[in-house]
Amino acid sequence: MVPARQRIGDLIFSRAALIAGGAILVVLALVAIFLVAQSIPALITDPAEFIGAPPSLWDYVWPLVFGTLWSALLALTIALPLAIGIALFISHYAPRRLAQLLGYIVDLLAAVPSVVFGLWGIGVLAPAVLPAYTWLTENLGWIPLFAGPVSGTGRTILTAAIVLGVMVLPVMTAICREIFLQTPVLHEEAALALGATRWEMITMAVLPFGRPGIISGAMLGLGRALGETMAVAMVLSPQAIVTFALLQSANPSTIAANIALSFPESYGVNVNLLIFTGLVLFIITLVVNSIARYVVNRRRDFSGAN
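Everything numeric here is computed off the predicted structure, so don't read it as measured data.

Novice: Even after reading the chapter, I still don't get the packing of helix α6 (residues 185–193) against helix α7 (residues 198–227), so can you show me in this structure?
Specialist: The relative placement of two packed helices is expressed as an angle between their axes plus a distance between the axes. Put simply, α6 and α7 touch, their axes get as near as 9 Å, and they point 135° apart. Overall, the two elements α6 and α7 adopt an arrangement that is oblique. Two packed elements cross with a definite hand, and for α6 against α7 that hand is right-handed. Mapping the contact onto sequence places His187, Glu188, Ala191 and Leu192 in α6 and Arg198, Met201, Met204, Ala205 and Val206 in α7.

And the structure:
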């Protein structure tokens, strides 16, 4: 017979877990209600009353949406291959002591404040990448992405994307590393027994098994990049434009950075306008997470839980 004390403990734990899960939904609903309620005045106000007097609400929001998605996708493109490579090295190539040390170092990067990353981007990264930007423009300037003239400060959307990539790298690496370590040993040994090299074993056994984890880590990093504020606000000199050029001084802003930079000067309906852009970011984040959940669920037969 199970002791009564244990049954009471199980009951308390289950109720606490249920309350915690319900609280998350309640908080999410309250945030959504607040954003919608505070955004209504911006939707019904004449755009001429906003600071800068944009022709329409869409003309104000669209460059911010573009800058948010563009910088986040660039950061994901930079960080995801590095995260997979580092995770594979730690889990399948590095000696145990070196793997533990690298794991600690990568995890410590997640504790660095975003302001520090912003200062690093301004003071170290931006001057360091200027020669590379000049070379890209001189040799590959015929590609629209690398069209000149090059920014004299190095504070471009590509620099901001590199900073974002470094910021999202720890969480993506940690998730990929843990899922790679959960690959069934029998799968790896079977591939090696059939004559596969270590890399062939990884491509046949580890990467297919870890695909849901890779997608989850990528989407989690993308969500972090979408909402990052201070690093982008410090590195970029943004404008209300839509451009794919990576190396020029004219760069699109992001929703989060625009809110941080504009909120101190805003008043009245302009505050509602900024809250409306926050609602747009909220919706984008929910859509991204929903897509990630759908993709992961399609591959759930290959997850460690099954």
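Novice: Help me out: how do you make sense of the pattern of salt bridges in this one?
Specialist: Pairing between side chains becomes possible if they bear opposite charge and their charged atoms approach one another. All told, the structure shown has two salt bridges when counted by the stated rule. Across the pair arginine 177 and aspartate 107 runs a salt bridge whose closest N-O atoms are separated by 3.6 Å. Here arginine 177 is found in helix α5 (residues 157–181), whereas its partner aspartate 107 is found in helix α3 (residues 96–109), with 70 residues between them in sequence. Accessibility expressed as a relative area gives 10% for arginine 177, which makes it buried. Between arginine 177 and glutamate 178 there is a salt bridge whose closest N-O contact spans 3.5 Å. According to the relative accessible area criterion, glutamate 178 is partly exposed, its value standing at 39%.

Novice: It is not clear to me how the packing of aromatic side chains should be interpreted in this structure. Could you clarify?
Specialist: The tally for this structure, following the rule as stated, stands at five aromatic pairs. Seen in terms of ring centroids, tryptophan 58 and tryptophan 62 are 5.7 Å apart; in terms of plane orientation they differ by 15°. Their pairing is stacked. Of this pair, tryptophan 58 and tryptophan 62 both sit in helix α2 (residues 57–93), separated by four residues, roughly a single helical turn. What makes tryptophan 58 exposed here is its relative accessible area of 55%.

Novice: Where do I start with the confidence of the model for the protein chain in this structure?
Specialist: Detailed reading of the predicted model is not advised wherever pLDDT is low. On average, residues of the protein chain score 83 in pLDDT, and 95% of them are at 70 or above. When pLDDT is averaged over each element of the protein chain, α2 comes out on top at 89 and strand β1 (residues 238–239) at the bottom at 74. The low-confidence segment residues 302–306, where pLDDT is below 50, has seven contacts with residues more than four positions distant or belonging to other chains.

Novice: Whenever I open this one, the environment of proline 131 confuses me. Can you help?
Specialist: With respect to the element layout, proline 131 can be found in helix α4 (residues 114–140). Distance from proline 131 to valine 150, taken between C-alpha atoms, is 9.9 Å for residues 19 residues apart in sequence.

Novice: In this structure, what is going on with the side chain of threonine 243? I would like to understand it.
Specialist: You can see threonine 243 is positioned in the loop between β1 and β2 (251–252). For threonine 243, the side chain forms a polar contact with the main-chain nitrogen of alanine 245, separated by 3.2 Å. Residues contacting threonine 243, with those up to four places away along its chain left out, are Phe66, Trp70, Ala250 and Pro252.

Novice: When you look at a nonpolar patch on the surface in this model, what are you seeing that I'm missing?
Specialist: On the surface, Phe89, Tyr93, Leu98, Leu101, Ile105 and Trp199 cluster together to form a nonpolar patch covering roughly 570 Å² of accessible area. For the nonpolar patch, the secondary structure elements donating two or more residues are α2 and α3. The element that contributes the greatest number of residues to the nonpolar patch is α3, accounting for three residues. By the element assignment, phenylalanine 89 lies in helix α2. With a relative accessible area of 36%, phenylalanine 89 lands in the partly exposed category.

Rules used in this analysis
Residues numbered from 1 in each chain as written. Predicted model: local features only at pLDDT ≥ 70, side-chain atom pairs only at ≥ 80, totals over all residues. Heavy atoms only, no water. Axes fitted to C-alpha atoms, helices over the stretch in contact; angles between N-to-C directions. Helix = DSSP H or I, 4+ residues; strand = E, 2+ residues; numbered from the N terminus. Parallel < 35°, antiparallel > 145°, perpendicular 65-115°, else oblique. Left-handed = near helix turned anticlockwise from the far one by under 90°. Contact = heavy atoms within 4.5 Å. Salt bridge = Lys/Arg side-chain N within 4 Å of Asp/Glu carboxyl O. Buried < 20%, exposed > 50% of the residue type's maximum accessible area, 1.4 Å probe, protein only. Phe/Tyr/Trp six-rings, centres within 6.5 Å; stacked < 30°, edge-to-face > 60°. pLDDT = per-residue confidence, 0-100. Polar contact = N/O pair within 3.5 Å; in protein donor to acceptor, adjacent residues only side chain to side chain. Patch = residues over 30% accessible without salt bridge, like charges linked within 9 Å, V, L, I, M, F, W, Y side chains within 5 Å. Areas by Shrake-Rupley, 256 points an atom, 1.4 Å probe, with all protein chains shown as cover.

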